[in-house]
Amino acid sequence: MRHEAPVQMAAPQDTKFSQKESSDQNFDYMFKLLIIGNSSVGKTSFLFRYADDAFTSAFVSTVGIDFKVKTVYKNEKRIKLQIWDTAGQERYRTITTAYYRGAMGFLLMYDITNEESFNAVQDWSTQIKTYSWDNAQVILAGNKCDMEDERVISTERGKQLAEQLGFEFFETSAKDNINVKQTFEQLVDIICDRMSESLETNPAVTAGKPNTKLTENPPPLQEPNCGC
Ligand code: GTP
Ligand code: MG
């Protein structure tokens, strides 16, 4: 799943995904989500835990960007999640930010045992504002909460920062499978809520202008109210 040459990977407009998945129309909505944050906070581990229910203590830093697909069900709707796992290393920033556009949700992760990763949250938040759609939803996740002995960021500091940035907040552990599923479920919930609000307050959205890429099937026009 890892790629050696990021420049040859899927284009930001999801070319690779479209080729692979376009034949599979077996879903009602498709949400593009991104996991971002400093290197080694546990983004890849978090996605592996969620998609494959697996964890490894080996650290293989992500090169460029990668994705996994997972289908969830909500109110009898099939929601296909296209989850992009970005490299945290600075040198891949140009590549990874190119994928922000069109993302409906972000999981912004820091490591509760790493002050630097927490201090970088503000910068990551600015990157989201700069490169993504205005209505993208964000959850702040303080990962590695199984490492209580090495904790340097209190739960309270995490909560306060999330509040200040207007994000929801979870402490998580990819290792011990704490709040992994819940975090993604919450992100899907707030995206669905936002979609419903948009459809109620701005019927133009149903014409598919800003949200065209939010779903592939069925067209939003056939679903005047988000069923989520
Ligand atoms: P980049 O790809 O470089 O951006 O890093 P990343 O954020 O994807 O980190 P990765 O998932 O590769 O994890 C880094 C290291 O932290 C690995 O050794 C993981 O095993 C470990 N790790 C990840 N999540 C947890 C966790 O919840 N608890 C503990 N104890 N270790 C974790
Ligand atoms: Mg990684």
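- Going by the annotation in an unreviewed UniProt entry, the name recorded for the protein chain is Ras-related protein Rab-3, with Acipenser oxyrinchus oxyrinchus given as the source organism.
- UniProt annotates the protein chain under Subcellular location (unreviewed entry) with the comment "Cell membrane".
- As its UniProt record puts it under Sequence similarities (unreviewed entry), the protein chain is described as follows: "Belongs to the small GTPase superfamily. Rab family."

1. Overview of the site of ligand 1
Right, so step 1: Inspection of the region around ligand 1 gives 24 residues, with Ser 39, Lys 43, Ser 45, Ser 61 and Gly 88 positioned closest.
Right, so step 2: Separating an oxygen atom of ligand 1 from a backbone N or O atom of Gly 42 is a distance of 3.0 Å.
Right, so step 3: Contact with the protein chains removes 93% of the 660 Å² of surface that ligand 1 exposes when unbound.

2. Describing the sheet that holds strand 3 (residues 77–86)
Across a sheet, paired strands are connected by hydrogen bonds in the backbone, their directions being either parallel or antiparallel.
Right, so step 1: Spatially, 2-3-1-4-5-6 is the arrangement adopted by the six strands of the open sheet, whose pairing is mixed. For this open sheet the edge positions go to strand 2 (65–74) and strand 6 (168–171), each flanked by a neighbour on one side alone. Going from strand to strand, the sheet's axes swing by 25° on average, the running direction of each strand aside.
Right, so step 2: Where strand 1 (residues 29–36) meets strand 3, seven bridges bridge the pair, whose relative direction is parallel. Residue pairing in the sheet places Ile 35 in a bridge with Asp 85 of strand 3.

Calculation criteria
Residues numbered from 1 in each chain as written. Chains lettered and ligands numbered in written order. Predicted model: local features only at pLDDT ≥ 70, side-chain atom pairs only at ≥ 80, totals over all residues. Heavy atoms only, no water. UniProt positions renumbered as here; feature names shortened; annotations may be inferred. Near = heavy atom within 4 Å. Polar contact = N/O pair within 3.5 Å; in protein donor to acceptor, adjacent residues only side chain to side chain. Areas by Shrake-Rupley, 256 points an atom, 1.4 Å probe, with all protein chains shown as cover. Pairing = 2+ DSSP bridges. Helix = DSSP H or I, 4+ residues; strand = E, 2+ residues; numbered from the N terminus. Axes fitted to C-alpha atoms, helices over the stretch in contact; angles between N-to-C directions.

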